[in-house]
Amino acid sequence: MSTATLAARTSQGFSLRSSLSRNRRWALITSYVFLVMFAIFFLIPPYYMVVTALKSDAEVARMATNPWIIADGVTLDQFKILLTQTDFLIFFKNTIIVTVCTVAITMVVSVFAAFALGRMKFWGSGILATGIFLTYLVPDTLLFIPLFQIVKAIGLLNSYWGMVLVYPTLTVPFCTWIMIGYFQSIPKELDEAALIDGAGHMQMLTKIFIPVALPGIIAAMIFAFTVSWAAFVYPMTFLYSADQQVLTVGTVTSLIRGDVYKWGMLMAGALVAAAPPLVIYAFLMDYYIAGLTAGATKG
Amino acid sequence: MADTVQTWIPTRVPTRAPALVGARLPSSARQLRLFLRRRSTIAFFMCLPLIVIIAGLVLYPACYSIYLSMLNKAQTRFIGLDNFRFLLSRDVFRMVVEQTAIFALSAVFFKALIGLITAHLVNNLPAKGQRKWRGMLLVPWVIPLALSSLGWWWLFDPTHSAFNYILESLGFSEVGWLSDPYWARFSVILVNVWYGAPFFLIMYLAALKSVPEQLYEAAEIDGANAWQKFVHITLPMMRNIIAITVLFSLIVTFANFDIVQIMTAGGPRNMTHVFATYAFMLGIRSGDLPLGAATSLFMFPILAIAAVLILRGVRKRGREIG
């Protein structure tokens, strides 16, 4: 390469660089413009739910004013009605019981299974691991009708204990799958050293695997929590009386009474019901996202 | 926590290891075999609860579903494939198949597209702001779908629709979001896209971060523009994760229940029914469990194909990562 072309190239390089930085700035500005548009699209429903929940019934019913803003002033009446005059608190209590039990069952079952499958190879363990992943892909809407018969036969129809029975099918496969991934990423030397030290399998699990894979365990717990909090098909199918109902179904069915929908109260109910997952997400976003992405990248 | 464990090991091992290894080595292979057999027995027992759950509450219902779908309504007589034949002969069911396909394919396409665009936009931002935007854009995914569907229903409410307020103030005529069959189809797809796009955003953003920066630098030196970089670097590097995410979303969208059940319950004129809501209507609402089971089972072939493809993709991805 001659010096002339080299010089031409470098000068071209300089102009290229300045145009690049200008391009970058423009790219950044367009990025922000489009991101704001997408953010508006994503946040319209939660915004509108909040606005409606803070209005008085009279303002919700009045059609002339702009529905997107609160004109008559903020009021918490809807929340007061929700908590005092409806079964909402019963739904909330039921949901907490079901979710806590489901998360506990899920974690015990999946941590043991993942430890066995990820570390202690045994006959059929490979097939079982694949089977678990495939089970995770079986949707609840494929099984709700046969499960209706089974739950009925067991005698748990219209009881939230039936939910404690069936929710683990939604959570255990995925949690086991991501825990296998986390456990496998722990260096082999660690358990060999523990074995040499005379640790049993239980000690190995509680003293090494659980502490080291704690981020994975938290991610799995968050997953189990959000799935059982948001489950809809099974309670919609198996529960029909208010004292056994959970939040998701209770809010969209039992709170609707008569022909006139009390939208302010409904939105207040939806917001309170959605609050626990949102709070967990706000504080543990990184674990939440780790659990979300782990399914496809680990294992 | 990880650090403490790792520092704990090297200090203890050298002191005790020699004695133990020395004691164990002379003993024959029999003892090792015994140890291994004991180990696999323990492993099996650790898996037992999982096996019981999967066998009892997934495999058994799945098989039972096939048997159930071959009974008559009262579940007293075996009628073979009559339920399936009956469904296929009905116009409503054909419409359900059509609507499920439209619903799933178009929703997944737009979810993937919006996810890809927003992931790129967020990735373009300076590292400091990315967290905040990512956190904000994931909110639809975090709200339980049943509850956000209720919010959307209120947005689409025939008399008070907040969207119609905007349309009217801009001089357009109002839209029957959930009362007009075709608008209702559009609305349920819109809600699904709204709910699912953030999932794609997160998956793609994670994948974008794993593309080595040097590739882009090399391309830039070679004079590649943004589009060329996207087509020749980003897409090939992300191909696998895109495939996995799309297939996974296809399964979930095909089997979706919440949105349609809450917003339209299949109406108007059964135009928005998907497999799940139609199965619910036949099986639970009308009490014909076998027919409902048969309807659900129509989802199975599509889901099985997608599941096998996902499994292949995940395995490949696992090997790529190492």
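Summary of the structure given here. (Residues numbered from 1 in each chain as written. Chains lettered and ligands numbered in written order. Predicted model: local features only at pLDDT ≥ 70, side-chain atom pairs only at ≥ 80, totals over all residues. Heavy atoms only, no water.)

### A look at the overall build of chain A
Then, number 1: Helices and strands together make up the secondary structure of chain A, namely 15 helices and zero strands.
Then, number 2: Against the compact-globule benchmark of 19 Å for 299 residues, chain A has a radius of gyration of 27 Å, which places it well outside the compact range.
Then, number 3: Dimensions along the principal axes, computed over C-alpha positions, put chain A at roughly 85 × 65 × 35 Å.
Then, number 4: Residue burial in chain A is summarised as follows: out of 299 residues, 54% are buried.
Then, number 5: Sequence separation of 24 or more characterises 74% of the internal contacts of chain A that already satisfy a separation of 6 or more.
Then, number 6: For chain A, the exposed area adds up to about 12800 Å²; of that, 69% sits on carbon and sulfur atoms.
Then, number 7: Charge separation in chain A, taken as the distance between the mean sites of 17 positive and 13 negative side-chain charges, equals 13 Å. (Helix = DSSP H or I, 4+ residues; strand = E, 2+ residues; numbered from the N terminus. Rg over C-alpha atoms; globule rule 2.2 N^0.38 Å. Buried < 20%, exposed > 50% of the residue type's maximum accessible area, 1.4 Å probe, protein only. Contact = heavy atoms within 4.5 Å. Areas by Shrake-Rupley, 256 points an atom, 1.4 Å probe, with all protein chains shown as cover. Lys, Arg positive; Asp, Glu negative; His and termini not counted. Charge placed at Lys NZ, Arg CZ, Asp CG, Glu CD.)

### What about the environment of Phe92 of chain A?
Residues and elements named next belong to chain A.
Then, number 1: Examined against the element boundaries, Phe92 turns out to sit in helix H4 (residues 88–119).
Then, number 2: C-alpha separation for the pair Phe92 and Phe41, spaced 51 residues apart in sequence, amounts to 29 Å.
Then, number 3: Excluding its chain neighbours within four sequence positions, the residues that come into contact with Phe92 are Trp229, Leu247, Val272 and Pro276.

### What to know about the packing of aromatic side chains
Then, number 1: One pass over the full model with this rule turns up 49 aromatic pairs over all chains.
Then, number 2: A centroid spacing of 6.3 Å and a plane angle of 45° characterise the contact between Phe144 of chain A and Phe257 of chain B, whose relative ring orientation is tilted. Of this pair, Phe144 of chain A sits in helix H6 (residues 140–154) while Phe257 of chain B sits in the loop between helix H11 (226–254) and helix H12 (258–263), on two different chains.
Then, number 3: Classification of Phe257 of chain B as buried rests on a relative accessible area of 1%.
Then, number 4: Among the aromatic residues, ring-to-ring pairing joins Tyr48, Trp68 and Trp263 of chain A together with Trp152, Trp153, Trp154, Phe156, Phe163, Trp177, Trp183, Phe186 and Trp194 of chain B into one connected group. (Phe/Tyr/Trp six-rings, centres within 6.5 Å; stacked < 30°, edge-to-face > 60°.)

### Here we look at helix H7 (residues 145–155) of chain B
Then, number 1: By the criterion of burial, H7 of chain B is predominantly enclosed, with 11 of the 11 residues buried.
Then, number 2: Among all positions of H7 of chain B, only Leu145, Ala146, Leu147, Ser148, Ser149, Leu150, Gly151, Trp152, Trp153, Trp154 and Leu155 of chain B are buried.

### With respect to the packing of helix H13 (residues 275–285) of chain B against helix H14 (residues 289–297) of chain B
Residue and element names in this part refer to chain B.
Then, number 1: For the pair H13 and H14, the least separation of the axes is 7 Å and the interaxial angle reads 170°. What the angle tells us is that H13 and H14 run roughly antiparallel. Listed contacts from H14 to Phe275, Tyr278, Ala279, Leu282, Gly283 and Ile284 of H13 are Leu289, Leu291, Gly292, Thr295 and Ser296.
Then, number 2: Classifying every residue of the contact of H13 with H14 by side-chain character gives seven nonpolar, four polar and no charged. (Axes fitted to C-alpha atoms, helices over the stretch in contact; angles between N-to-C directions. Parallel < 35°, antiparallel > 145°, perpendicular 65-115°, else oblique. Nonpolar A, V, L, I, M, F, W, Y, C, P; charged D, E, K, R; others polar.)

### Observations regarding the pattern of salt bridges
Then, number 1: A full pass over the atoms with the stated rule returns nine salt bridges over all chains.
Then, number 2: The residue Lys80 of chain A makes a salt bridge to Asp77 of chain A at a minimum N-O spacing of 3.8 Å. On the criterion of helical spacing, the pair formed by Lys80 of chain A and Asp77 of chain A is a turn pair, its members being three residues apart in helix H3 (residues 77–85).
Then, number 3: Asp82 of chain B is the salt-bridge partner of Arg85 of chain B, the closest N and O atoms lying 3.0 Å from each other. Taken together, the residues span about one helical turn, with Arg85 of chain B and Asp82 of chain B both in helix H3 (residues 82–89) at a distance of three residues.
Then, number 4: Residue class for Arg85 of chain B comes out exposed when judged on its relative accessible area of 53%.
Then, number 5: Relative accessible area serves as the criterion here: at 37%, Asp82 of chain B is assigned to the partly exposed category.
Then, number 6: Overlapping salt bridges, with partners in common, bring together Asp286 of chain A together with Arg131 and Arg134 of chain B in one network. (Salt bridge = Lys/Arg side-chain N within 4 Å of Asp/Glu carboxyl O.)

### Looking at the interface of chain A and chain B
Then, number 1: Contacts between the two partners involve 105 residues from chain A and, on the opposite side, 108 residues from chain B.
Then, number 2: Taken over both partners, the interface formed by chain A and chain B buries close to 9600 Å², and the fraction arising from carbon and sulfur atoms is 81%.
Then, number 3: When the buried surface of chain A facing chain B is broken down by residue, Phe42, Ile145 and Asp197 of chain A rank first, second and third, together holding 7% of it.
Then, number 4: At the boundary of chain A with chain B, the tally comes to two salt bridges.
Then, number 5: For Asp286 of chain A, the salt bridge goes to Arg131 of chain B, with nearest N and O atoms at 2.8 Å.
Then, number 6: Remark: the boundary between chain A and chain B carries 12 residue pairs in polar contact (both at pLDDT 80 or more).
Then, number 7: The dominant element in the side of chain A that touches chain B, judged by the number of residues it contributes, is helix H1 (residues 3–53) of chain A, at 19 residues.
Then, number 8: Considering only residue class, the side of chain A that touches chain B consists of 80 nonpolar, 18 polar and seven charged. (Buried area = accessible area lost by both parts, 1.4 Å probe. Polar contact = N/O pair within 3.5 Å; in protein donor to acceptor, adjacent residues only side chain to side chain.)

### A word on the nonpolar core
Then, number 1: If you look at the biggest cluster of nonpolar residues, it comprises 201 residues, and the most contacted ones within it are Tyr167, Phe183, Tyr234 and Phe238 of chain A together with Leu138, Met263 and Ile310 of chain B.
Then, number 2: In terms of residues, this core owes the most to one element, helix H9 (residues 181–209) of chain B, which gives 16 residues.
Then, number 3: If sequence neighbours within four positions are ignored, Ile310 of chain B has contacts with Phe133 and Leu137 of chain A together with Ile244, Leu247, Phe248 and Ile251 of chain B. (Core = buried A, V, L, I, M, F, W, Y, C linked by side-chain atoms within 4.5 Å.)

Any functional reading would require information that these geometric values do not contain.
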